[in-house]
Amino acid sequence: MNDSPFRGGTNGPDQEPATLLDLDPASLARYARIAFTALVGLIALYALNWALGFYTDWLWFRQLGYDAVLVKIIASQFWLFTAGLILFLAIAGGNIYLFFRMTRGMRVLPSSQFPQEWYATARRTLRWISLAVVLVFGIFLAERVAGEWEKILLFFNAVPFGEADPIFERDISFYLFTLPIIDFFRTWLLTVLVTTILLVGALYYVTAQMRGTRLSFEEPLRSHVLGLGAGFFVLIAVGHWLSRYELLYSTTGAVVGVGYTEANATLPALSVMTVVALATAVLLIYAIFGVKDRVVFFAAGGWFALNIIATGVIPSLVQRLQVEPNELAREEQYLVHHIALTRQAYGLDRVQNFSHPALGTVDSRTLAENPGTVQNIRLWDEGPLLESYNQIQFFRLYYDFLAVTTDRYEIDGQLRQVMLSTRELSAEKLPEEAQRWVNRQLQFTHGYGVAMTPVTEVDAGGRPAFFVKDVPPSGKLPLDRPEVYYGLKSLDYVVVNSRMEEFNYPGPDGPVYTHYAGAGGVPLSSFFRRLLYAWEFRDLNLLISGQITPESRIQYRRTIPHRFSTLAPFLVPDRSPYVVVADGRLFWIQDAYTMTDRFPYSARWRDSFNYIRNSVKAVIDAYDGSVQFYVADETDPILQAYRKIFPTMFQDLSEMPPSLEQHIRYPLDFFTFQVQMLLQYQMTNPTVFYNKEDQWDLPVESSFGQHSTLLPYYIVARLPDEDREEFLLIQPFTPVNRHNLVAWIAARNDPENYGQLMLYRFPSGRHVDGPNQIEARIDNDAIISEQFTLWGQVGSEVSRGILLVIPIGDSILYAEPVFLRPDTLEFPELRRIILADASSVVMQPTMDRSIRALAGELPAVASVAELVDPDAPPIEVAERPRTEVFGAEDLESLRRGLQDVADRLQELLEQLNRR
């Protein structure tokens with residue numbers, strides 16, 4: 001007796017290999033049921049894993065008070081997934097049901113090698129297989145619908161812009177909230193329809209093979225495919241109609257958006273193609289009742305050919321023959337739309353324009369009238385200061401300073417610009433023998449404190465001065481809660497308030513330990529929660545460790561960007577969250593943006609977004625991880641829609657504590673986007689814009705053969721016509737391919753004027769030195785260049801910092817720090833401050849002396865000996881008038897004097913080595 005599941009027994013050497021069709025009916029049905037059961041089991045396992053993850057997420061969101069946000073997102077995804085699955089099953093499953101109904105009476109042909117009983121059983125098996133395939137495809141396509149929860153919620157909570165586009169005269173909200181969701185569902189339905197056609201076609205093919213015949217375009221296949229094809233062309237017609245609106249994002253020619261070609265060729269063509277596609281669909285439906293097949297193929301082929309000609313060939317000819325020979329005249333009215341809407345999309349329409357005289361010399365009177373600006377001229381750059389912090393303020397190998405931020409504080413009754421950085425824990429730097437689970441997850445749990453430096457002060461030896469330093473923290477600002485449990489760097493998770501004491505900071509008599517006293521983290525209050533998190537982090541120690549108690553808390557998602565993005569995945573975080581010392585605690589402020597690429601007529605930023613607003617500022621407590629979201633731009637319709645979706649999530653900016661509100665900053669990323677767009681879009685005249693007659697660029701500075709772009713920077717200064725200094729973010733501009741300055745823009749940061757953009761243009765007939773020209777003047781100064789050469793020969797590297805362009809009164813002041821860095825150590829020391837105006841370049845060891853030198857009260861350049869021995873008598877160098885040009889004899893005298901200095905320097909170094 002033959003026990004093989006294949007008909008006819010084991011294949012002999014002269015037999016063809018067995019196929020699925022060779023299985024006997026009972027085996028075929030059994031394998032189909034096993035496959036379907038396995039599929040259901042996999043789906044159930046996936047659902048279980050998802051449920052466990054959802055519960056841990058819910059615990060995390062609830063601890064922060066945002067469980068309603070998670071529930072809204074998950075509920076939306078669930079209902080959208082369900083609706084998508086039902087809709088797919090209705091379309092695909094309905095068509096498969098129709099297939100089985102239309103083929104119900106078919107029988108095996110005499111030419112088939114299979115009996116009728118086998119065919120009947122195989123059809124029942126085919127139903128199970130079809131159900132499994134439809135279910136798999138349905139899950140994948142339903143997940144796509146669930147993934148669009150954000151667009152769908154925005155559609156149902158849309159807020160009008162109150163302004164229409166100039167072509168179709170629809171409110172801009174239509175393009176941001178309505179059009180994307182219509183286009184998504186059209187594409188999704190098209191995918192469903194194509195999938196259904198393929199599934200139905202496969203069923204017809206398999207059925208024909210089982211019956212012993214070849215697949216042919218006959219009934220019922222013909223009627224079925226024609227009906228589906230008609231639906232396909234209806235969706236194609238909808239696509240043609242929606243493509244009319246997509247022309248507002250076209251990049252053909254000189255205009256982003258609808259231009260002459262789009263308005264006069266492509267737009268009418270798409271309207272015609274909409275009618276043609278609908279007519280094709282009607283013809284396919286009519287063909288079901290008897291039209292010859294060739295008419296159907298001619299109709300589909302005619303649509304295809306006409307589409308290429310109408311939307312491709314004709315617009316290309318119009319662009320080449322009518323537009324390009326007379327482009328400006330053809331595109332001028334459309335350029336006006338493009339410029340205006342791009343400026344609106346990036347907030348450039350809010351820029352206030354002023355003129356600035358840009359007088360040449362910074363005289364004593366100007367310096368005296370702007371003491372706040374002078375006292376806050378920034379000496380330290382972020383890079384050198386970060387290197388200094390990691391040399392003199394880290395205290396243990398497992399501490400790191402990761403980023404330096406700039407802010408302003410009221411110190412001793414004066415507004416002072418400072419730089420500060422948090423001391424973060426780097427657990428991976430613990431000694432290898434200390435890389436134990438208890439150490440990493442229970443004991444070394446947090447960083448500690450900050451270092452804060454006034455930007456204008458330098459201690460002895462060129463090191464930074466401090467407003468806050470050391471551990472425990474000491475200085476001019478109280479810091480009662482300096483622990484950094486939430487910062488820029490963290491492990492996957494830590495457990496706090498366990499039986500194990502946590503390392504707090506290195507004390508003079510040994511380590512100082514602590515127990516966490518905050519509310520940060522999810523309580524591990526039950527065995528079930530410990531089991532869940534052991535599963536979540538794939539770490540059995542969470543379940544079996546005796547150090548964990550019901551009062552312990554597990555902290556995870558501790559980095560500021562990760563924490564923010566998990567709570568608000570629909571907002572785009574700024575790259576640089578910054579720390580604030582307020583009320584004796586540490587807080588992080590994370591700026592965030594609403595973005596879209598659907599703003600009509602607006603140019604895209606590097607093929608990404610074409611609309612952006614800094615709409616939200618989040619505040620995260622560094623100790624307990626609590627997060628508060630504050631609305632920074634109430635006029636943004638996108639954020640207004642999110643506030644309708646999540647009504648309890650956002651607070652008005654007026655509710656931010658005053659101690660934190662004093663430290664809000666105009667975000668650097670946002671300002672950078674605006675500045676880059678302003679390089680072109682400060683030209684509002686379409687003719688000037690088309691010819692790029694007044695295009696700007698960012699200044700370039702070069703020193704020691706290295707070239708860099710001068711990017712935006714924060715300063716404390718007084719704007720023209722203002723009565724006090726304030727915290728500003730500024731950027732100078734040069735003409736494209738030129739080095740002289742033509743303008744500068746400032747973003748105001750103080751709460752009463754927050755967000756105002758002030759653009760100051762220089763007189764067109766006056767030359768104002770740009771950073772590269774100032775750097776050239778520094779390089780050309782004989783004394784300064786000789787000193788740089790000398791310092792570079794004694795085991796140190798001379799490094800020049802960022803050259804700042806500082807508006808002061810009606811003049812422009814330039815400031816640049818000079819650092820010395822040992823060849824063998826990343827430990828820069830600030831040794832000189834260079835100041836310059838239109839007529840002078842001075843360099844002294846301190847800011848006070850540089851200012852006095854600029855005012856003519858001291859020699860322009862300090863002697864090099866003051867760098868080595870401050871108590872050494874100064875070398876007598878004849879003081880020169882500030883504008884006098886040195887002759888050859890003067891230079892030779894200076895070289896001889898500097899050689900003497902070099903000899904003295906060598907002697908001092910030898911004495912130090914002997915010690």
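Here the structure is a predicted model, which means the values were calculated and not measured. (Residues numbered from 1 in each chain as written. Predicted model: local features only at pLDDT ≥ 70, side-chain atom pairs only at ≥ 80, totals over all residues. Heavy atoms only, no water.)

### Here's the deal with the overall build of the chain
Here's step 1: When you go through the chain residue by residue, the secondary structure sums to 25 helices and 32 strands.
Here's step 2: A burial count over the chain gives 52% of its 915 residues as buried.
Here's step 3: For the chain, the accessible surface area stands at approximately 40,900 Å², while carbon and sulfur atoms represent 55% of it. (Helix = DSSP H or I, 4+ residues; strand = E, 2+ residues; numbered from the N terminus. Buried < 20%, exposed > 50% of the residue type's maximum accessible area, 1.4 Å probe, protein only. Areas by Shrake-Rupley, 256 points an atom, 1.4 Å probe, with all protein chains shown as cover.)

### Considerations on the environment of I73
Here's step 1: Mapped onto the fold, I73 is located in helix α2 (residues 67-102).
Here's step 2: Residues I73 and L153 lie 80 residues apart in sequence; the distance between their C-alpha atoms is 9.4 Å.
Here's step 3: Not counting residues within four places of it along the chain, the set of residues in contact with I73 comprises W149, P569 and F646. (Contact = heavy atoms within 4.5 Å.)

### Thoughts on the pattern of salt bridges
Here's step 1: Under the defined criterion, the tally for this structure stands at 34 salt bridges.
Here's step 2: R585 serves as the salt-bridge partner of D624, at 3.9 Å between the closest nitrogen and oxygen. Of the two residues, D624 is situated in the loop between β18 (611-621) and β19 (627-631) and R585 in strand β17 (residues 585-596); the sequence distance between them amounts to 39 residues.
Here's step 3: The exposure class assigned to D624 is buried, which follows from its relative accessible area of 18%. (Salt bridge = Lys/Arg side-chain N within 4 Å of Asp/Glu carboxyl O.)

### What to know about helix α22 (residues 782-791)
Here's step 1: Along α22, the residues classified as buried are I783, I784, Q787, F788, L790 and W791. Down the axis, α22 shows its buried residues gathered within 165 degrees of arc, on one side only.
Here's step 2: A distance of 3.1 Å separates the backbone nitrogen of I783 from a side-chain oxygen at the start of α22, and that oxygen is part of D781. (Arc of directions from axis to C-beta. Polar contact = N/O pair within 3.5 Å; in protein donor to acceptor, adjacent residues only side chain to side chain.)

### Some points on a nonpolar patch on the surface
Here's step 1: A cluster of nonpolar side chains, namely F304, I308, I309, V313, I314, L317 and L321, defines an oily patch on the protein surface of about 650 Å² accessible area.
Here's step 2: By the secondary structure assignment, V313 is in helix α8 (residues 293-323). (Patch = residues over 30% accessible without salt bridge, like charges linked within 9 Å, V, L, I, M, F, W, Y side chains within 5 Å.)

### Looking at the environment of W303
Here's step 1: Relative to the helices and strands, W303 is located in helix α8.
Here's step 2: Since its relative accessible area comes to 13%, W303 is described here as buried.
Here's step 3: In contact with W303, not counting residues within four places along its chain, are F233, I236, H240, M273, V276, A277 and T280.

### So, the nonpolar core
Here's step 1: Membership of the largest hydrophobic core comes to 165 residues, with the highest contact counts inside it found for F629, F650 and F733.
Here's step 2: Within the second largest apolar cluster, 62 residues are counted, among which are I783, L813, L820 and A836. (Core = buried A, V, L, I, M, F, W, Y, C linked by side-chain atoms within 4.5 Å.)

### Quick word on the pairing of strand β4 (residues 414-425)
Here's step 1: Summarising burial for β4: 10 of the 12 residues are buried, a large majority.
Here's step 2: Two strands pair when backbone bridges link them, and strand β2 (residues 399-401) and β4 are joined in this way by three bridges, in the antiparallel orientation. Across the sheet, residue D400 finds its bridge partner in β4, namely E424.
Here's step 3: Direction of pairing for strand β3 (residues 405-411) relative to β4: antiparallel, over a ladder of seven bridges. Residue I411 lies in a different strand from β4, and its bridge partner there is Q414.
Here's step 4: Taken together, β3 and the strand that follows it, β4, pair antiparallel across an intervening segment of two residues, in which D412 is found at a positive phi of about 50 degrees.
Here's step 5: Two strands pair when backbone bridges link them, and β4 and strand β6 (residues 450-454) are joined in this way by five bridges, in the antiparallel orientation. Bridging across to β6, L420 finds its partner in M452. (Pairing = 2+ DSSP bridges.)

### Section: the packing of helix α9 (residues 327-345) against helix α19 (residues 668-681)
Here's step 1: The contact between α9 and α19 brings their axes to 11 Å, and the two run at 160 degrees. Put simply, α9 runs roughly antiparallel to α19. Note on packing geometry: the crossing formed by α9 with α19 is left-handed. Contact residues: H338, I339, T342 and R343 in α9; M677, L678 and Y681 in α19.
Here's step 2: Split by residue class, the contact of α9 with α19 holds four nonpolar, two polar and one charged. (Axes fitted to C-alpha atoms, helices over the stretch in contact; angles between N-to-C directions. Parallel < 35°, antiparallel > 145°, perpendicular 65-115°, else oblique. Left-handed = near helix turned anticlockwise from the far one by under 90°. Nonpolar A, V, L, I, M, F, W, Y, C, P; charged D, E, K, R; others polar.)

### Quick look at the environment of L402
Here's step 1: With respect to the secondary-structure elements, L402 resides in the loop between β2 and β3.
Here's step 2: Classification of L402 as partly exposed rests on a relative accessible area of 34%.
Here's step 3: On a C-alpha basis, the gap between L402 and N390 in space is 8.9 Å, while along the polypeptide they are 12 residues apart.
Here's step 4: Excluding anything up to four places from it in sequence, L402 contacts L386, S421, T422, E424, L488 and K489.

### As for the packing of aromatic side chains
Here's step 1: Counted under the stated rule, the structure contains 52 aromatic pairs.
Here's step 2: Seen in terms of ring centroids, F599 and Y611 are 5.3 Å apart; in terms of plane orientation they differ by 15 degrees. Their pairing is stacked. Of the two residues, F599 is situated in the loop between β17 and β18 and Y611 in strand β18; the sequence distance between them amounts to 12 residues. Across this residue pair, the class does not change: F599 and Y611 are buried. (Phe/Tyr/Trp six-rings, centres within 6.5 Å; stacked < 30°, edge-to-face > 60°.)

### As for the side chain of D837
Here's step 1: Here D837 shows up in the loop between β31 (829-836) and β32 (841-844).
Here's step 2: Since its relative accessible area comes to 0%, D837 is described here as buried.
Here's step 3: Within the local environment of D837, its side chain forms a polar contact with the backbone nitrogen of V362, the two atoms lying 3.0 Å apart.

### Structural notes on the sheet that holds strand β13 (residues 522-523)
Here's step 1: Pairing within the open sheet is antiparallel, and its three strands lie in the order β10-β14-β13. This sheet does not close on itself; its edge strands, each paired only once, are β10 (493-496) and β13.
Here's step 2: Pairing geometry for β10 and strand β14 (residues 553-556), over four bridges, is antiparallel. Looking at β14, one finds that Y493 is bridged to Y556.

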